[in-house]
Amino acid sequence: MATSYFPFSAIVGQDEMKLAILCAAVDPRIGGVLVFGDRGTGKSTAVRALAALLPKMKAVVGCRYACDPADTSSSCEQCPTLKAGKPKTHLVPVPVVDLPLGATEDRVVGALDLEKALTAGIKAFEPGLLARAHRGFLYIDEVNLLEDHLVDLLIDVAASGENVVEREGLSVRHPARFVLVGSGNPEEGELRPQLLDRFGLAVEVRTPQDIASRVEVVRRRDSFEQDSAAFIERWRKEDDRARARIVSARKHLAEVKVPDSALERAAQLCMGLGTDGLRGELTVIRAARALAALDGAPEVGDSQIRRIAKPALRHRLRRDPLDDTDASVRVERVLTELFGA
Amino acid sequence: MNPAASPEGSAGAALAADAASAVSAASAASADSAELLPAADSGLAGLQAWGNAAWAMALLAVDPHGLGGVQLQAGAGPVRDHWLAGLRALLPAYEPLRRMPGHIADERLLGGLDLSATLASGRPVAQRGLLAEAHGGVVLVPMAERLSAATAGRLARVLDSAEVSFERDGLSHRWPARFGLVAGDEGGEDDEPLAATLVDRLAFITDLRALSQRDAGESAASADDIVAARQRLPQVLVDEPTLQALCGTAVQLGVASLRASLLALRAARAVAALAGHPEVTEEDAVLAARLVLGPRATRVPQPPAEDQAPPEPPPPEVPPEDPPEQPPEPPRDDGETPPPEPPPPSEDETQQLEDRLVEAALAALPAGLLAQLQNGLGGEQGGRVGALTASQRGGRPVGTRIGAPRGGQRLHLVETLRAAAPWQGVRRRAALERGGQPAGRILVSTDDLRVSRMQQRAATATLFVLDASGSAALQRLGEAKGAINLLLADCYVRRDQVAVITFRGRSAELLLPPTRSLVRAKRGLAALPGGGGTPLALGMEAALHLAAQVRRSGATPVVVLLTDGRANVDRHGAGGRAQAEADAHAVARQMRAARLTSMVIDTSAKPAAAAQRLALEMGAAYRALPYAGAAALNAAVQSLPRPA
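Each chain has its residues counted from 1, following the order in which its sequence is written. Chain labels run from A onward and ligand labels from 1 onward, assigned in the order the entries are written. pLDDT decides what is reported in this predicted model: residues at 70 or higher carry local features, side-chain atom pairs at 80 or more are listed and counted, and totals for whole chains, interfaces and linings draw on all residues regardless.

## Remarks on the overall build of chain A
Here's step 1: The secondary structure listing takes helices from DSSP runs of H or I that are at least 4 residues long and strands from runs of E that are at least 2 residues long, numbered from the N terminus. Counting its secondary structure elements, chain A contains 15 helices and 11 strands.
Here's step 2: Residues are defined as contacting one another if the C-beta atoms placed from their backbone atoms lie within 7 Å. Considering only contacts in chain A between residues 6 or more positions apart, those separated by 24 or more positions represent 74%.

## Section: the overall build of chain B
Here's step 1: For chain B, the count of helices and strands is 24 helices and 17 strands.
Here's step 2: Burial statistics for chain B: of 644 residues in total, 52% are counted as buried.
Here's step 3: Look at the contacts in chain B between residues 6 or more apart in sequence, and 79% of them connect residues 24 or more apart. Burial in this document is a count-based property: other C-beta atoms within 10 Å of a residue's C-beta are tallied, and the residue is buried at 20 or more, exposed at 12 or fewer, or partly exposed in between, with C-beta positions derived from the backbone.

## Re the packing of helix H12 (residues 260–273) of chain A against helix H13 (residues 279–295) of chain A
Residue and element names in this part refer to chain A.
Here's step 1: Viewed as axis vectors pointing N to C, H12 and H13 meet at an angle of 135°, and their least axial separation amounts to 9 Å. Here H13 runs oblique to H12, going by the angle between their axes. At the point where H12 passes H13, the crossing takes the right-handed sense. Facing H12, whose interface residues are Ala262, Leu263, Ala266, Ala267, Leu269 and Cys270, H13 presents Gly280, Glu281, Val284, Ile285 and Ala288. Axis definition: a line fitted to C-alpha atoms, over the contacting stretch in the case of helices. Angles run 0 to 180 degrees between N-to-C directions. Geometric relationships in this document are graded by angle, where less than 35 degrees denotes roughly parallel, more than 145 denotes roughly antiparallel, 65 to 115 denotes roughly perpendicular, and other angles denote oblique. Crossing handedness follows the turn of the near helix against the far one: under a right angle anticlockwise gives a left-handed crossing, and clockwise gives a right-handed one.

## Some details on the environment of B:Arg577
Here's step 1: Of note, B:Arg577 is situated in helix H22 (residues 577–593).
Here's step 2: Separated by 43 residues in sequence, B:Arg577 and B:Thr534 place their C-alpha atoms 9.4 Å apart.

## Considerations on the pairing of strand E7 (residues 137–140) of chain A
Residue and element names in this part refer to chain A.
Here's step 1: Of the two faces of E7, the one holding Phe137 and Tyr139 and the one holding Leu138 and Ile140 are both buried throughout.
Here's step 2: Think of it this way: DSSP has to see at least two bridges between two strands before they count as a pair. Pairing of strand E4 (residues 96–98) with E7 involves 3 bridges; the strand directions are parallel. Bridge assignment links Val97 to a residue of E7, and that residue is Leu138.
Here's step 3: Here E7 pairs with strand E10 (residues 179–184) via 4 bridges, running parallel. Bridge pairing links Ile140 to Gly182 in E10.

## Considerations on helix H10 (residues 223–232) of chain B
Residues and elements named next belong to chain B.
Here's step 1: For H10, the full list of buried residues reads Asp225, Ile226 and Ala229. Within H10, the buried residues cover an arc of 100° as seen down the axis, which keeps them to one side. Away from its buried face by more than 90 degrees, H10 exposes Asp224 and Gln231. Regarding the arc, it is the one traced by the directions from the helix axis to the C-beta atoms.

## Quick word on the sheet that holds E4(A)
Residue and element names in this part refer to chain A.
Here's step 1: Read across the sheet, 5 strands follow the order E4-E7-E10-E1-E11 without closing on themselves; strand pairing throughout is parallel. Strand pairing shows two members of the sheet lacking a second neighbour, E4 and strand E11 (199–205), which therefore form its edges. Between one strand axis and the next, the sheet turns by 20° as a mean value, whatever way the strands run.
Here's step 2: The strands touched by helix H1 (residues 15–26) are strand E1 (32–37), E10 and E11; relative to E11, the strand with the most contacts, the crossing angle is about 160°.

## Re the sheet that holds strand E17 (residues 621–624) of chain B
All names here are of chain B.
Here's step 1: Taken in spatial order, the 6 strands line up as E14-E13-E12-E15-E16-E17 in an open sheet, and their pairing is mixed. The outermost strands of the open sheet, each flanked by one partner alone, are strand E14 (507–515) and E17. Neighbour-to-neighbour, the strand axes of the sheet open up by a mean angle of 15°, direction not taken into account.
Here's step 2: The strands touched by helix H23 (residues 609–618) within the sheet are strand E15 (556–563), strand E16 (597–602) and E17, with E16 carrying the most contacts at an inclination of about 175°.

## A short note on the environment of B:Ser161
All names here are of chain B.
Here's step 1: Within the fold, Ser161 resides in helix H8 (residues 149–161).
Here's step 2: With 19 C-beta atoms counted inside 10 Å, the residue Ser161 sits in the partly exposed group.
Here's step 3: Put simply, Ser161 and Pro176 are 15 residues apart on the chain and 8.9 Å apart in space, counted from C-alpha to C-alpha.

## A short note on unusual backbone geometry
Here's step 1: Of note, the phi angle at A:Arg135 is positive, near 70°, even though the residue is not glycine.
Here's step 2: Secondary-structure assignment places A:Arg135 in the loop between helix H6 (129–132) and E7.
Here's step 3: On the basis of neighbour count, A:Arg135 is assigned to the buried category, with 20 C-beta atoms found within 10 Å.
Here's step 4: Look at B:Ala162: it is not a glycine, yet its phi comes out positive at around 60°.
Here's step 5: Mapped onto the elements, B:Ala162 comes out in the loop between H8 and strand E6 (163–168).
Here's step 6: Judged by local crowding, B:Ala162 falls into the partly exposed class, with 14 C-beta atoms found within 10 Å.

## Some thoughts on the confidence of the model for chain B
Residue and element names in this part refer to chain B.
Here's step 1: Per residue, pLDDT measures the predictor's confidence, with a range of 0 to 100. For chain B, mean pLDDT is 72; residues scoring 70 or higher make up 69% of the total.
Here's step 2: Highest mean pLDDT in chain B belongs to strand E5 (residues 138–141) (91); lowest belongs to helix H16 (residues 388–392) (30).
Here's step 3: Within the model, the stretch residues 1–42 combines pLDDT values under 50 with 90 contacts to residues more than four positions away or in other chains.
Here's step 4: Note that residues 366–396 has pLDDT below 50 and, in this model, 79 contacts with residues that lie over four places away or in other chains.
Here's step 5: Confidence metrics for the complex model read pTM 0.66 and ipTM 0.80.

## Some points on the environment of B:Leu596
Residues and elements named next belong to chain B.
Here's step 1: Assignment of secondary structure puts Leu596 in the loop between H22 and E16.
Here's step 2: The spatial distance from the C-alpha of Leu596 to the C-alpha of Pro557 is 7.1 Å, given a sequence separation of 39 residues.
Here's step 3: Setting aside residues up to four positions removed in sequence, Leu596 forms contacts with Ala547, Pro557, Val559 and Met591.

Okay, here's the thing in structure tokens:
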């Protein structure tokens, strides 16, 4: 059964969400993306569309974790032998793994291979979803409904880039570097503040209110459902262009300069907002650099910082029970102070 | 089908001629409804309600998965059974109609390891879950309003992706699962509403509650009609004005979600397919708008400008209870009529079509609701959405997890044995290799241990009852709000739910139903006005009521009453200090009898005997605001005993 995904470029509006996802695709170190907002705004659609958009990646042939041939620091137990001499490589699609609600812990972290145990009577490790998401994206829809112990586990692995399993006398560690993408609807319960902070970027999505874009959303969705193959074909060029942009941005990411003025801007911004810790500043800089690479700009400028400030900082503001102001508005206010209207 | 709305009547006549008898009944009802509904003629209203229900049934049978399904508001009884039997009869016999119990375990819902087959064959065998088994048919969930948010989320996910992807018990599988959902909603006024994630994905909201058995008529089509319609469905075209009108109508009615427009479009297609139209006609769109958008309306659009009168004789069915004294305050200030961007194909035409769609949708609203909407009480999507969270915290076991039982956790024996079963062969061999004799018949290792995952902790809902009257409380209202804000922040950190009831003048109001959303709580509180009499008994009664509701959903209520204790409005809203105080004390005793954990916070300028006495009657802890800074107050509430 071929599952066809709605083309990324065909998503109407929601620029901030698309921008954040693209930035995370260019530089995974930004940390995950959290998409919070109204129902039916294409949150899941955008993430699933990403799978079709991303360029394929080089992987070591035979490695069950699809390790990068150029990566020497990987904790993969197979790669040292596979990479001996000249490793064979092949191109594989970047994984975008959908974490099903109700997935059990052992399927997430990996468990003993049941089939091997039953048929051959041997104990072997069967990698779980975390292994499958290595070098790609792990998507959790309705992240606010996910059970707490699973969320903690995911965050822990996402932060360390490594999954350690101790089961049935097996001790396995394997690389699991992935970008965590969560989506949800705040009306169904908010996320714990500790969890919020772990996401690099946070995006708010709203249902468009103007008729023209609403009509466009319904029209595109409808024609996609009527004939998905033709619809995808129609948007192929756009998607190809977006893909080329990601590829070129990744290539140039390392060359993008971050001038002192930009560092200062980021520091001022975080100071003005009173965000705790350095994580905010770091994320602003990293995301702005990814954005500059996407823009094809040689260095990070005010334009990039300005565009990325809200998604990078809005979820890091300290909650003030006596201040009702929306986080986005607070960021906007400080931005205006710093950069002028 | 609506003669007033289609002067040419040709397409309308075709539709009416095509469809079965109940259709014409429905259309007659819709034509007349506008005039007759306010008169609450139960016969005709019943006819119309059944008409809508019959259409929902027929359309769902045409395109079960495309339309998502039906929220079927009905108690158990002959009317609902009649509707369900009708649906069953319309679906081809080979298509499954599966009943899903609300407490279903993930394993049965999504699929799991078939233990006996696995052991017999010596390799893992997966077993399809109920949703995959229902592929190509319809899933019926009785009492869907009681579904946990997690289960509702799973259903929504499967509805979206049309497949069950399943990662459990060391297996990973994907099964197709295209089905329509009939979500039975037996909820009354006080109960939790059906999960909004689900409502958003179901095309129809069908209300059978007001119907009696004699209202229940025929279905809107025959099984043969359905078969024919299904064949036509993929070819049905939709023109641009119709598309724009359906979207515009949704905005005018304040339907925020875009899924509703999309569902209305699909419903219009299904109507056209049923009627044999190659393209969606106006009548098809009108019916779709009535069925899909009508029940979701959160506001009545402002009456169209007079100079834009349509060329045809204006349709008589102006929304009932018209004209409103002043145009209702639109909850959103933008996106109002007329559409900001004139649609390209003939603005007039689209606009007129849109107007008719709006009328049709409004005609589907019960009269009382309409009046409510016109007073602006309909609310956006907010309302009771937050209350959803309450039910998911119900005290049910929520599956198992790996781990040894400690700290009061309970071992789940069956799951533990299931986990151990596949490994028996391996372990026995390993034990023999080590030279020992396997001890016991079943070899269980610590890795197999499974503990029941009950609710992680019993959720607490703190109910604030705030005296917003004009007496001594008024001067301290700001202070009280500040204190509540502090407590709110704390409840947020501890993932407690919070509800706020206020009372002043002659009534008590549930300002904020139990929610975990801090934003909503603060917003509601900031907008709270003060002044008026002190109907203390009413406020306390509301708290008692809400506390009972919270308990039903499995959480533990804690009542915090902020008042000066000087009641001067009695239970019936009449003035008089003596009666008011007697009433308040009577309710206080009820609260004590209900064994509610509670606290009275005295907001009077000087700690007064009235509040103290009230606390005594309630069996509540007592604190005076003047001496309790907001922080101290916070600590005091935290220290209240919380029964497990």
